[in-house]
Amino acid sequence: MIVKWRKSSYTGGANDNQCVELGRLAPGVGIGVRDSKDPDGGRLALSPAQFASLIEQIKQEPPR
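Definitions and cut-offs
- Residues numbered from 1 in each chain as written.
- Predicted model: local features only at pLDDT ≥ 70, side-chain atom pairs only at ≥ 80, totals over all residues.
- Heavy atoms only, no water.
- Helix = DSSP H or I, 4+ residues; strand = E, 2+ residues; numbered from the N terminus.
- Contact = heavy atoms within 4.5 Å.
- Salt bridge = Lys/Arg side-chain N within 4 Å of Asp/Glu carboxyl O.
- Buried < 20%, exposed > 50% of the residue type's maximum accessible area, 1.4 Å probe, protein only.
- Polar contact = N/O pair within 3.5 Å; in protein donor to acceptor, adjacent residues only side chain to side chain.
- Pairing = 2+ DSSP bridges.
- Axes fitted to C-alpha atoms, helices over the stretch in contact; angles between N-to-C directions.
- Core = buried A, V, L, I, M, F, W, Y, C linked by side-chain atoms within 4.5 Å.
- pLDDT = per-residue confidence, 0-100.

Draft legend 1. Focus on the overall build of the protein chain. From N to C terminus, the protein chain includes one helix and four strands. Long-range contacts, defined as pairs at least 24 residues apart, comprise 14% of the intrachain contacts of the protein chain with a sequence gap of at least 6.

Draft legend 2. Expanded view of the pattern of salt bridges. Enumeration over the complete set of coordinates arrives at three salt bridges. Between lysine 37 and aspartate 35 there is a salt bridge, with its nearest N and O atoms 3.0 Å apart. Taking relative accessible area as the criterion, lysine 37 reaches 49% and is therefore assigned partly exposed. Accessibility expressed as a relative area gives 30% for aspartate 35, which makes it partly exposed.

Draft legend 3. Fine view of the side chain of glutamate 21. Of note, glutamate 21 is situated in strand 2 (residues 20-24). Using a relative accessible area of 12% as the deciding quantity, one classes glutamate 21 as buried. Polar side-chain contacts of glutamate 21 include one of 2.6 Å to the side chain of arginine 34. When residues no more than four places from it in sequence are discounted, the contact partners of glutamate 21 are Trp5, Arg6, Lys7, Gly32, Val33, Arg34 and Ser36.

Draft legend 4. Structural detail: the sheet that holds strand 2. Strand order in this open sheet of four strands is 1-2-3-4, and the pairing throughout is antiparallel. In the strand order of this sheet, the two ends are held by strand 1 (5-7) and strand 4 (43-46), each with one partner. Put simply, the sheet's adjacent strands are angled 25° from each other on average, direction ignored. Alignment of strand 3 (residues 31-35) against strand 4, held across four bridges, turns out to be antiparallel. Its bridge partner being in strand 4, arginine 34 is matched across the sheet by arginine 43. Against the sheet, helix 1 (residues 48-60) engages strand 2, strand 3 and strand 4, with an angle of about 105° to strand 4.

Draft legend 5. Representation of the nonpolar core in the model. Within the largest apolar cluster, five residues are counted, these being Leu22, Ile31, Val33, Leu46 and Phe51. Setting aside residues up to four positions removed in sequence, leucine 46 forms contacts with Val29, Gly30, Ile31, Val33, Phe51 and Leu54.

Draft legend 6. Focus on the confidence of the model for the protein chain. Averaged over all residues, the pLDDT of the protein chain is 84; the fraction at 70 or higher stands at 81%. Put simply, strand 1 is where the protein chain has its lowest mean pLDDT, 89, and strand 4 is where it has its highest, 93.

Right under this line is the structure:
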């Protein structure tokens, strides 16, 4: 299966140094997360519940 990656809507543009991409993995596997600057590097696979938990944690973090 080919994963279609998309850049986060919170990316600050072409020169942003903190970019992530998300991709829907095979049915039942969940969501893939990767560094957009290193698309051939490591990837993180999260179940839908893990991804939802991650997003909730990010929302609660104070801005840096």
